[in-house]
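Structural overview
Here is how the chains run, residue by residue.
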Amino acid sequence: MAAPAESMTEENPEDVPLEKTYTVEVSERSTTATWVEARSYCSRRIRRIRKSLHFPQGNKHKVQPKKITVEKLTDVRYLHLPLFCAERAWYYAMQLKSEANTEPRKRFHMLARVRKALVYAEEFTGLCESSKCDARTKLESQAYLSLMKGGLYFEQEDWKAAMEYYTKAKTIYEKLGSAFSEDIQQLYLQQVEEITPNLRYCAYNIGDQSAIDELRQLRRKGGEDQLTSHLDDLLSQTREKQTATLSEVKWQGRTVQVKNEPVRLFLLNLQDSTKEIESAEGIDSKISIYESLLKQCIDAQQVLRDTLQDDQNFKLAIRGQEIEGKISNQHYLHTYLTFIRLSKTVERNLLLIETMKDYLPGKKVEEGHKITKPQDLVRLYDIIIQNLNEIPNLTGLDVGGSLSEETAVRVLGFKAFRSYYIAQSYLGAKKWKETISLYERVLQNAQSALKGYRSLPKPQQAQFKVEMSNLEDLIHTVDGEKYSCHATSVLDINHVTDQMGAITVNPKMPLIERLEDYAEDSSLTSKKPNLVSFPPDFEPIPCRPLFFDLALNHIDLPSLEEHLEQKQKAANPKGLTGFVKGWLWGGSK
């Protein structure tokens with residue numbers, strides 16, 4: 001009998017193998033919606049299998065559970081039943097775990113469902129131990145059972161037992177991976193990668209302090225893959241134990257107490273983020289760290305916003321109204337987190353800009369990469385300038401302080417870069433005057449920004465050393481490109497003049513018919529210039545319209561029969577007198 005992982009290949013699209021359909025969900029296990037979808041899939045799959053095997057659990061009126069025995073293993077789908085029941089119970093447990101963050105009582109229900117999943121896993125392993133299953137199926141079932149036991153002890157915080165079973169499952173998967181081809185080997189190695197963070201977290205809780213560094217290293221290598229969120233959860237749980245050491249924060253000469261646990265956790269992550277970004281491999285990994293940090297910052301701000309609902313100054317600040325007096329410590333802490341969010345957003349966008357510069361027109365671009373337009377960089381610089389302009393307006397900051405001066409200098413520098421890439425877009429459209437004027441603006445802003453950077457204290461100059469170096473390179477580049485653009489514009493004008501001089505015009509055509517075409521025609525200065533056609537040619541004009549009375553056919557005219565009868569009587573009088581008169585006059589003739 002084949003292994004369960006290979007035998008789930010029915011024609012129904014909903015019957016796709018569980019390992020192929022829900023690989024991401026098994027490792028991410030973070031959102032309630034994911035667990036609900038996975039649990040629903042398992043329920044539908046169990047119902048279809050029981051219906052196809054004619055193996056119901058009773059009828060509409062009564063439940064009659066049936067035990068699967070070794071004798072009934074005539075179809076591989078009998079093995080699927082306990083496997084999917086275990087998966088369904090596990091997904092339900094993970095759903096309850098995510099909900100237990102706000103409802104702690106659900107943790108007890110979660111542990112009960114994990115135990116239920118373990119019961120089904122033991123039943124599945126017992127059936128796979130029969131002689132009808134091959135060696136690979138038996139090993140996979142043992143690894144699955146060890147994984148379930150490790151998960152139960154992990155949730156119960158029995159770190160030694162969890163580490164023992166996780167190690168056993170990892171060993172089995174590694175052995176299986178080394179015995180098959182590359183395609184099948186990837187499935188087992190993926191399981192090993194999912195188990196490794198849990199093993200390191202267990203080691204850290206047992207007392208291995210180096211395990212947290214290994215978790216961070218795994219997180220840096222993760223980038224945007226399926227283990228990222230799982231590693232973030234483990235690192236967050238680790239840092240929760242360190243938050244007790246962080247009780248206050250000092251910023252801009254003011255010290256405030258940090259009372260909320262999520263805020264402490266975020267500030268600890270912020271301290272470690274610089275080293276993580278420096279040691280991260282690849283741009284994608286660095287951007288992933290920034291995104292995770294910004295998400296945690298927003299969550300921490302929401303926690304502070306909930307605690308400041310009764311703060312009148314905070315309500316006025318949200319409405320954009322002026323605040324009188326000094327703001328509270330928690331309000332000032334919210335301002336500090338807003339400053340961090342804006343600063344980290346600027347750093348992330350600068351990282352994106354450095355990446356996109358490698359794919360500008362004129363540079364060698366690898367296949368599969370999209371060419372960067374100058375307009376794309378202009379949009380990013382606009383966002384950076386907007387974020388920096390928000391910093392001096394933050395609530396609680398001194399107007400005209402060192403932070404405002406520093407921000408104004410940085411805005412000038414980024415305006416220079418924005419103007420430069422706007423000039424590049426005009427250069428591509430051959431708009432020489434606009435390009436040269438924008439180059440002048442670039443030099444003006446860049447030189448002003450450099451002067452401002454050099455007026456800052458030395459510690460701040462060292463902090464912005466990279467930005468100063470970029471501005472110096474920009475000035476050097478624009479100095480050359482400005483004159484090159486001017487020369488190109490002159491050459492382009494001469495080229496247009498040559499083209500106009502090469503245009504030939506038919507001199508037989510009158511001037512009025514070729515006003516749009518410029519050409520030197522000597523006949524125009526003679527005694528008989530060909531200006532217009534005289535006499536002018538006949539041109540068709542519209543004739544007078546003909547009108548037809550179409551309504552006459554649809555009009556019902558009044559009857560005139562009475563008037564006709566009266567006229568006939570007057571013309572032909574009747575009666576005896578008339579008869580005699582007529583006879584007499586007729587007879588006389």
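So, here's what we can say about the structure. Treat the numbers as computed from the prediction; the structure is a model and nothing was measured. (Residues numbered from 1 in each chain as written. Predicted model: local features only at pLDDT ≥ 70, side-chain atom pairs only at ≥ 80, totals over all residues. Heavy atoms only, no water.)

This part covers the overall build of the chain. A tally of regular secondary structure across the chain gives 22 helices and 2 strands. Here the chain holds 589 residues, and the buried ones make up 39% of them. Of the roughly 36300 Å² of accessible surface on the chain, 53% is carried by carbon and sulfur atoms. (Helix = DSSP H or I, 4+ residues; strand = E, 2+ residues; numbered from the N terminus. Buried < 20%, exposed > 50% of the residue type's maximum accessible area, 1.4 Å probe, protein only. Areas by Shrake-Rupley, 256 points an atom, 1.4 Å probe, with all protein chains shown as cover.)

Let us look at helix H13 (residues 283-307). In this model, H13 (25 residues) spans 37 Å end to end at C-alpha, consistent with the 36 Å of a helix rising 1.5 Å per residue. Where H13 is concerned, the buried positions are Ser 285, Ile 287, Ser 288, Ile 289, Tyr 290, Ser 292, Leu 293, Leu 294, Cys 297, Ala 300, Gln 301 and Leu 304. (Expected span 1.5 Å × (residues − 1).)

In the contact formed by helix H5 (residues 77-99) and helix H7 (residues 135-155), the axes pass within 13 Å of each other and the chain directions differ by 20°. Judged by the inter-axis angle, H5 sits roughly parallel to H7. Both H5 and H7 take part in a crossing whose hand is left-handed. For the pair H5 and H7, the contacting residues are Leu 83, Ala 86, Glu 87, Trp 90, Met 94 and Lys 97 in the first and Tyr 144, Met 148, Gly 151 and Glu 155 in the second. Partitioned by chemical class, the residues of the contact of H5 with H7 number 6 nonpolar, 1 polar and 3 charged. (Axes fitted to C-alpha atoms, helices over the stretch in contact; angles between N-to-C directions. Parallel < 35°, antiparallel > 145°, perpendicular 65-115°, else oblique. Left-handed = near helix turned anticlockwise from the far one by under 90°. Contact = heavy atoms within 4.5 Å. Nonpolar A, V, L, I, M, F, W, Y, C, P; charged D, E, K, R; others polar.)

Of the volumes computed, that of the second largest pocket is approximately 1200 Å³. If you go around the second largest pocket, you meet 44 residues; those closest to its centre are Glu 347, Arg 410, Gln 463, Phe 464 and Glu 467. Of all the elements in the fold, those that place two or more residues in the lining of the second largest pocket are strand S1 (248-251), helix H12 (261-279), helix H15 (329-356), helix H16 (374-390), helix H17 (402-428), helix H19 (458-463) and helix H20 (465-501). Element by element, the count of residues in the lining of the second largest pocket is highest for H15, at 11 residues. Here the lining of the second largest pocket gathers at least three residues from each of two domains, domain 1 (247-319 + 326-393) and domain 2 (398-500). (1 Å grid on protein atoms, 1.4 Å probe; cavity = no way out; pocket = protein on both sides within 12 Å on 5 of 7 lines; lining within 4 Å. Points joined across faces, edges and corners; volume = space filled by probe spheres on them. Domains from an automatic or database assignment.)

The tally for this structure, following the rule as stated, stands at 17 aromatic pairs. Aromatic side chains Tyr 420 and Tyr 421 sit 5.1 Å apart centroid to centroid with 75° between the ring planes, which places their arrangement in the edge-to-face category. As far as the burial class goes, Tyr 420 and Tyr 421 line up, both buried. Through successive ring pairs, a cluster of aromatic residues spans Tyr 381, Phe 414, Phe 417, Tyr 420, Tyr 421 and Tyr 439. The lysine or arginine in question, Arg 39, covers the ring of Tyr 92, its NZ or CZ lying 3.7 Å from the ring centre. (Phe/Tyr/Trp six-rings, centres within 6.5 Å; stacked < 30°, edge-to-face > 60°. Lys NZ or Arg CZ within 6 Å of the ring centre and 35° of its normal.)

Let us look at the nonpolar core. Most often, soluble globular proteins keep nonpolar side chains buried together rather than apart. Membership of the largest hydrophobic core comes to 59 residues, with the highest contact counts inside it found for Leu 267, Tyr 336, Leu 337 and Leu 471. Taken together, the elements giving at least two residues each to this core come down to S1, H12, H13, H15, H16, H17, helix H18 (432-455) and H20. Among the domains, domain 1 (247-319 + 326-393) and domain 2 (398-500) are the pair contributing at least three residues each to this core. Leave out the neighbours within four places in its chain, and Leu 471 touches Gly 413, Ala 416, Phe 417, Ala 446, Ala 449, Leu 450 and Tyr 453. In terms of nonpolar packing, the next biggest core, distinct from the first, is built from 38 residues, Ile 68, Leu 73, Leu 96 and Ala 117 among them. (Core = buried A, V, L, I, M, F, W, Y, C linked by side-chain atoms within 4.5 Å.)

Next up on the list: the pairing of S1. Of the two faces of S1, only one is covered, namely that formed by Val 249 and Trp 251; the face formed by Glu 248 and Lys 250 stays uncovered. Where S1 and strand S2 (residues 254-257) come together, 4 bridges link them in antiparallel fashion. Within S2, the position partnered with Val 249 by the bridge is Val 256. Hairpin remark: S1 followed by S2, antiparallel, with 2 residues in the connecting loop; positive phi at Gln 252, about 55°. (Pairing = 2+ DSSP bridges.)

Another aspect to go through is the pattern of salt bridges. This model, assessed by the stated rule, comprises 14 salt bridges. The shortest N-O distance in the salt bridge between Asp 75 and Arg 77 comes to 2.8 Å. The exposure class of Asp 75 is partly exposed, given its relative accessible area of 21%. With a shortest N-O distance of 2.8 Å, Glu 467 and Arg 410 are connected by a salt bridge. Of this pair, Glu 467 sits in helix H20 while Arg 410 sits in helix H17, and the two are 57 residues apart along the sequence. Of the two residues examined, Glu 467 and Arg 410, each falls in the buried class. Beyond isolated ion pairs, a larger network of salt bridges with shared partners links Glu 99, Glu 103 and Lys 106. (Salt bridge = Lys/Arg side-chain N within 4 Å of Asp/Glu carboxyl O.)

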